[in-house]
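If you want the building blocks of each chain, they are given just below.
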Amino acid sequence: MDQIKIGKFISSRRKEQGLTQRQLAEKLAVSDKTISKWECGNGLPEVSLMLPLCEVLSISVNELLCGERIVNDDYKQKAEDKMMELIKERNENKKKLILSAVMAFITVLSSCILVMVSGLSTEFTTLTRIGLIVSAVVIIICGIACAVALEFDAGKYECRKCGHKFVPTVTEYVNGAHTITRRHLKCPNCGKKSWCIRRLG
Ligand SMILES: [Zn+2]
């Protein structure tokens, strides 16, 4: 989705309604920083805020997501295009998650093999062994970095205590215990630790 376009659209609709960022923020019970963030194209409104925002701006959700006014004639087409785009984005995120799991697996496997080989074989010199272990460490670091980058891109985690959605820091991410869909993280909103659920997109 074109966040810049959507941001500009929100800004122009807000001005047309004669509202300042602060006034719009008050109507939606968010901070004016949040409004400014949307308008600069740094993020989209949460799903729960989309309807109230559209109501204030007198636009449809579909228009909001397209970042422009839509005349009746091509409304249906645009709605369908938008739907397809959302589905595509979701699928891409899923692919990224799978890819990152595969990468993590290969990383662990190949580094284990390297360490085992260096430990088992008696024919290697100490230098060769050190070389193998160093390669294993490098592979682990690169693999984790790639997996984290891919997953980071693919979604946020939702706090079980307060429902706040957030992207964990890299340190937290690497340290946090996890299952395939959950990760034990500290919520930046309420400060409590819980098994946060991954939310795509
Ligand atoms: Zn929380």
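What you see is a predicted model, and the numbers here were worked out from it, not measured in a lab. (Residues numbered from 1 in each chain as written. Predicted model: local features only at pLDDT ≥ 70, side-chain atom pairs only at ≥ 80, totals over all residues.)

Colleague: Looking at this structure, how should I read the overall build of the chain?
Modeller: Within the chain, the secondary structure is distributed over eight helices and four strands. Taken from the N to the C terminus, the helices and strands of the chain come in the order α-α-α-α-α-α-α-β-β-α-β-β. Since a compact globule built from 201 residues should have a radius of gyration of about 17 Å, the 23 Å found for the chain marks it as more spread out than a globular shape. Over its C-alpha atoms, taken along the principal directions, the chain stretches across nearly 80 × 40 × 25 Å. Considering only contacts within the chain whose residues lie at least 6 apart along the sequence, 57% involve residues at least 24 apart. (Helix = DSSP H or I, 4+ residues; strand = E, 2+ residues; numbered from the N terminus. Rg over C-alpha atoms; globule rule 2.2 N^0.38 Å. Contact = placed C-beta atoms within 7 Å.)

Colleague: Would you explain the environment of Lys78 in this entry?
Modeller: Of note, Lys78 is situated in helix α6 (residues 75-120). In this structure, the C-alpha to C-alpha distance between Lys78 and Glu123, residues 45 residues apart in sequence, is 67 Å.

Colleague: For this particular structure, what's the right way to read the domain arrangement of the chain?
Modeller: Splitting the chain by domain gives domain 1 (3-70) and domain 2 (84-200). Averaged C-alpha coordinates put domain 1 and domain 2 at centres separated by 35 Å. (Domains from an automatic or database assignment.)

Colleague: I'm lost on the packing of helix α2 (residues 21-28) against helix α4 (residues 47-57) in this one. Help?
Modeller: Each pair of packed helices can be summarised by the angle the axes make with each other and by the distance between the axes. Contact pair α2 / α4: the axes reach a minimum separation of 10 Å and the direction vectors enclose 130°. Considering their axes alone, α2 and α4 lie oblique with respect to each other. Our pair here, α2 against α4, has a crossing hand that is right-handed. Mapping the contact onto sequence places Leu24, Lys27 and Leu28 in α2 and Leu49, Pro52, Leu53 and Val56 in α4. Across the contact of α2 with α4, the residue classes tally to six nonpolar, no polar and one charged. (Axes fitted to C-alpha atoms, helices over the stretch in contact; angles between N-to-C directions. Parallel < 35°, antiparallel > 145°, perpendicular 65-115°, else oblique. Left-handed = near helix turned anticlockwise from the far one by under 90°. Nonpolar A, V, L, I, M, F, W, Y, C, P; charged D, E, K, R; others polar.)

Colleague: Please explain the environment of Ile70 as it appears in this structure.
Modeller: Positionally, Ile70 belongs in the loop between α5 (61-66) and α6. For the pair Ile70 and Arg160, spaced 90 residues apart in the sequence, the C-alpha separation amounts to 38 Å.

Colleague: Would you explain helix α1 (residues 3-16) in this entry?
Modeller: An α-helix turns once every 3.6 residues. As a result, residues three or four positions apart point the same way. Compared with an ideal rise of 1.5 Å per residue, which puts 14 residues at 20 Å, α1 spans 20 Å between its outermost C-alpha atoms and is within 8% of the ideal. For α1, every residue scored as buried is listed here: Ile6, Gly7, Phe9, Ile10, Arg13 and Arg14. Axial view of α1: buried residues confined to an arc of 160°, hence all on one face. Along α1, the residues that are exposed and aim more than 90 degrees away from the buried face are Lys15 and Glu16. Of the surrounding elements, those touching the buried residues of α1 are α2, α3 (32-39), α4 and α5. Remark: Gly18 follows α1 within two positions and exhibits a positive phi of approximately 70°. (Expected span 1.5 Å × (residues − 1). Buried ≥ 20, exposed ≤ 12 C-beta atoms within 10 Å, placed from the backbone. Arc of directions from axis to C-beta.)

Colleague: I keep staring at the nonpolar core and nothing clicks. Help me out?
Modeller: It is characteristic of soluble globular proteins that their nonpolar side chains tend to be buried jointly. Ranked by size, the top nonpolar core spans ten residues in total: Ile6, Phe9, Ile10, Leu24, Ile35, Trp38, Leu53, Leu64, Leu65 and Cys66. Breaking this core down by element, the ones donating at least two residues are α1, α3 and α5. Listed in part, the five residues of the second largest apolar core include Tyr157, Cys159, Cys187 and Cys196. (Core = buried A, V, L, I, M, F, W, Y, C linked by C-beta atoms within 7 Å.)

Colleague: What am I meant to see in the packing of α2 against α3 here?
Modeller: At a minimum axis separation of 8 Å, α2 and α3 run at an interaxial angle of 110°. The angle between the axes of α2 and α3 places the two elements in the roughly perpendicular class. For α2 against α3, the interelement crossing comes out right-handed. Here α2 contributes Gln21, Arg22, Leu24 and Ala25 to the contact with α3, which in turn contributes Asp32, Thr34, Ile35 and Ser36. Across the contact of α2 with α3, the residue classes tally to three nonpolar, three polar and two charged.

Colleague: What should I look at first to understand unusual backbone geometry in this one?
Modeller: The backbone of Ala29 shows a phi angle near 55°, a positive value even though the residue is not glycine. Looking at the element boundaries, Ala29 is found in the loop between α2 and α3. For Ala29, a count of 8 C-beta atoms within 10 Å translates into the label exposed. Unusually for a residue other than glycine, Ser58 sits at a positive phi of about 55°. Its place among the elements puts Ser58 in the loop between α4 and α5.

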